Amino acid sequence: MKRFTLLFWLVALFFNGITAHAKHELDSLLNALQHTENGKKRIDLLNNLALAYTLISIDDAEKFATQAIGQSRETNYKAGLAEGYKILGATYYVKGEHDKAIEYSYEALKLYEASEDKAGQSDVFNNMAIVFTARADIERAYNLSTRSLGLKREIGDSLGVAKVILTLGEMYMKQKQ
């Protein structure tokens, strides 16, 4: 019983530290946003806020991603637009709206392909694999994951390789069910 209690408190303290760090990061991003004029830097801040909020408030994440997309269109900032679409796709996945998640992910993918951004392409392939895994379309998910894995290896992204392998493991578990 003592071990369980100790483990509980260690885990609680660990997550409390993560929460405090995330709050500090959000506060910093929000403060920077207030002091940043329109343009690429502001769009990047909006996308960073959207990404940070995906773990805290999916509605806020969607709001910031949508703002980043709108401002990216106005300024013709393709990298910001691709990132906004990618994050918006992730928010729709979390909300269980898989068709919209795929739609926005494809939009991001087209932009990443046009700019030859292999890291962006790989992230989107992996995100889409997660959506198709949730839909139990394991074959399509596997194909997307292997494309993502190949790109991650090509660009030398070892953390990205690990994330894709986790996605493949999730597919395997889903297939066993």
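Predicted model only: the values in this text are computed from it and were never measured. (Residues numbered from 1 in each chain as written. Predicted model: local features only at pLDDT ≥ 70, side-chain atom pairs only at ≥ 80, totals over all residues. Heavy atoms only, no water.)

A. Expanded view of helix 5 (residues 98–114). Between its first and last C-alpha, helix 5 extends 24 Å over 17 residues, near the 24 Å set by a 1.5 Å rise per residue. Within helix 5, the full set of buried residues consists of His98, Ala101, Ile102, Tyr104, Ser105, Ala108, Leu109, Leu111 and Tyr112. Of the surrounding elements, those touching the buried residues of helix 5 are helix 4 (78–94) and helix 6 (118–134). A positive backbone phi angle near 55° is found at Glu116, which sits one or two residues after helix 5. (Helix = DSSP H or I, 4+ residues; strand = E, 2+ residues; numbered from the N terminus. Expected span 1.5 Å × (residues − 1). Buried < 20%, exposed > 50% of the residue type's maximum accessible area, 1.4 Å probe, protein only. Contact = heavy atoms within 4.5 Å.)

B. Representation of the confidence of the model for the chain. Averaged over every residue, the pLDDT of the chain is 87; the share at 70 or more is 86%. Mean pLDDT across the secondary structure elements of the chain bottoms out at helix 1 (residues 2–34), with 56, and peaks at helix 5, with 98. Confidence drops under a pLDDT of 50 for residues 1–18, and excluding neighbours within four residues, the segment shows 0 contacts in the predicted structure. (pLDDT = per-residue confidence, 0-100.)

C. Seen up close, the side chain of Ser72. Following the sequence through the fold, Ser72 ends up in helix 3 (residues 58–75). Assessed through its relative accessible area of 1%, Ser72 is described here as buried. A polar contact is formed between the side chain of Ser72 and the backbone nitrogen of Leu81, at a distance of 3.3 Å. (Polar contact = N/O pair within 3.5 Å; in protein donor to acceptor, adjacent residues only side chain to side chain.)

D. Representation of the environment of Gly70 in the model. You can see Gly70 is positioned in helix 3. Sequence spacing of Gly70 and Gly84 is 14 residues, and the spatial spacing of their C-alpha atoms is 9.1 Å.

E. Looking closely at the nonpolar core. Formed by 40 residues in total, the largest nonpolar core has its most connected members in Leu49, Phe64 and Tyr85. Contributions of two or more residues to this core are made by helix 1, helix 2 (40–53), helix 3, helix 4, helix 5, helix 6 and helix 7 (138–155). Residues within four places of Phe64 in sequence aside, it is in contact with Leu30, Leu33, Leu46, Leu49, Ala50 and Tyr53. (Core = buried A, V, L, I, M, F, W, Y, C linked by side-chain atoms within 4.5 Å.)

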